[in-house]
Amino acid sequence: YSTFRFRKWSMLCVIRLPLHIAFVLFCSAIELSAWAQPEWVENKGQWPSEVLFKAEKEGGKWWIMKDRMWYHLQDLSAMNHAHEKIAQPVEPTIKQHIVEVKFVNAQEFQGVEVLGKTNHYQNYFIGKDSARWASDVHGYTQVIRKGLYPGIDLTLLNDGLQHEYGFIGRPEGNPDDIIQATSTS
């Protein structure tokens, strides 16, 4: 096991992970520093309802849900290679990996606060079902998931090209309540 300690907003968090998971998360943290679009994009119905926000990068996506996060890492080099050989169409095999971080015993969803709204927006017209369409979809530089645990909020922050998450603790919050379970697929 590897133990990670980090201090964020005056709260010390300790996470114990099996070494192979710790390595994957460490590699993911390195990868997360190179996002192509540094923003958290809101869900206005264009994705499944459990998704709150998504951030994209060249190597994948970071999905934020009410009580969990998914790092969806993708190696698109096979697709790039297939495009180079247009004369002989090839069905590329895309290697991908999902790391899920679940916040164990999280409270019921209490809402979010968003900061740093982008000037630009995106429109999503997915399929023929207009209920899945969304327009004027903005991104944000910071998202705060209120009341993840009693007295503790989850914050998602974009500082330039790096995305990170942390916890905001109030005096009544107990850092021992923060339990993160990781799984991979």
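The text that follows walks through the structure, step by step, so that each part is easy to find. Predicted model only: the values in this text are computed from it and were never measured.

Turning next to the overall build of the protein chain. What the protein chain contains, in helices and strands, is two helices and 12 strands. For the protein chain, the N- to C-terminal ordering of α and β elements is β-β-α-β-β-β-β-α-β-β-β-β-β-β. Looking at the 185 residues of the protein chain, the share that counts as buried comes to 37%. Taking as baseline every contact in the protein chain between residues at least 6 positions apart, the subset at least 24 positions apart corresponds to 53%. Surface accessibility of the protein chain: about 10,800 Å² in total, with carbon and sulfur atoms responsible for 54%.

Below, the discussion takes up the pattern of salt bridges. Two side chains with opposite charge may pair up if their charged atoms get near one another. Counted under the stated rule, the structure contains eight salt bridges. Linking Lys-102 and Asp-67 is a salt bridge whose minimum nitrogen-to-oxygen distance equals 2.8 Å. Placement of the pair is Lys-102 in strand E7 (residues 95-103) and Asp-67 in the loop between strand E5 (60-65) and strand E6 (68-75), with a sequence separation of 35 residues. One connected set of salt bridges, linked through shared partners, spans Glu-113, Lys-146, Asp-153, Arg-170 and Glu-172.

The next point concerns a nonpolar patch on the surface. Taken together, the side chains of Phe-109, Val-112 and Val-114 define a hydrophobic patch exposed on the protein surface, amounting to about 190 Å² of accessible area. Turning to its location among the elements, Phe-109 is positioned in the loop between E7 and strand E8 (112-124). Residue classification places Phe-109 among the partly exposed positions, given a relative accessible area of 31%.

In this structure, Trp-40, Trp-62, Met-69, Phe-103, Tyr-165 and Phe-167 are the most contacted members of the largest nonpolar core, which totals 21 residues. Where this core is concerned, the elements lending two or more residues are strand E4 (51-57), E5, E6, E7, strand E9 (134-149), strand E10 (152-159) and strand E11 (162-169). The biggest single contributor to this core is E9, with four residues. When sequence neighbours within four positions are dropped, the list of residues in contact with Tyr-165 reads Trp-62, Met-69, Tyr-71, Val-101, Phe-103, Leu-154, Thr-155, Leu-156 and Gln-180. Val-41, Val-51, Met-65 and Tyr-124 belong to the second largest nonpolar core, which has eight residues in total.

Here we take up the packing of aromatic side chains. In this structure the tally under the stated criterion is 10 aromatic pairs. Ring geometry for Trp-62 against Tyr-165: centres 6.3 Å apart, planes inclined by 75°, an arrangement best described as edge-to-face. With Trp-62 in strand E5 and Tyr-165 in strand E11, this pair connects stretches of sequence that are 103 residues apart. The burial state of Trp-62 is the same as that of Tyr-165; both residues are buried. Taken together, Trp-40, Trp-62, Tyr-71, Phe-103, Tyr-165 and Phe-167 form an aromatic cluster joined through their ring pairs.

For residues besides glycine, phi is generally negative; the peptide bonds are generally trans as well. At Asn-105, a residue that is not glycine, the phi angle is positive and equals roughly 60°. Mapped onto the secondary structure, Asn-105 falls in the loop between E7 and E8.

Let's shift gears to the environment of Lys-66. Relative to the helices and strands, Lys-66 is located in the loop between E5 and E6. Sequence separation between Lys-66 and Lys-102 is 36 residues, and the spatial gap between their C-alpha atoms is 9.6 Å. Lys-66 has contacts with Glu-50, Leu-52, Phe-109, Arg-145 and Leu-148, leaving out every residue within four places of it along the chain.

Criteria and cut-off values
- By convention here, each chain's residues receive numbers from 1 onward along its written sequence.
- The model is predicted, so local features are restricted to residues of pLDDT at least 70 and side-chain atom pairs to those at 80 or more, both for listing and for counting; the totals for chains, interfaces and linings are taken over all residues.
- Values shown for side chains rest on all heavy atoms present in the structure; no hydrogens or waters enter the calculation.
- Numbering of helices and strands runs from the N terminus; a helix is a DSSP stretch of H or I covering at least four residues, while a strand is a stretch of E covering at least two.
- The cut-offs for exposure are 20% and 50% of the maximum accessible area for each residue type, with area from a 1.4 Å probe on protein chains only; residues under the lower value are buried, those over the upper are exposed, and the others partly exposed.
- Any pair of residues with heavy atoms lying within 4.5 Å of one another is described as a contacting pair.
- The protein chains shown are the only cover counted for residues, whose accessible areas, like all others here, come from Shrake-Rupley with a 1.4 Å probe.
- The term salt bridge refers to a pairing of a side-chain nitrogen on Lys or Arg with a carboxyl oxygen on Asp or Glu at a separation within 4 Å.
- For patch detection, residues must exceed 30% relative accessible area and be free of salt bridges, and they are connected within 9 Å for like charges or within 5 Å for nonpolar side chains (Val, Leu, Ile, Met, Phe, Trp, Tyr).
- Only buried residues count toward a nonpolar core, which is a set of Ala, Val, Leu, Ile, Met, Phe, Trp, Tyr and Cys residues joined through side-chain atoms within 4.5 Å.
- Only the six-membered ring of Trp is used, alongside the rings of Phe and Tyr, when aromatic pairs are assigned; centres must lie within 6.5 Å, and planes under 30 degrees apart are stacked while those over 60 apart are edge-to-face, with the rest tilted.

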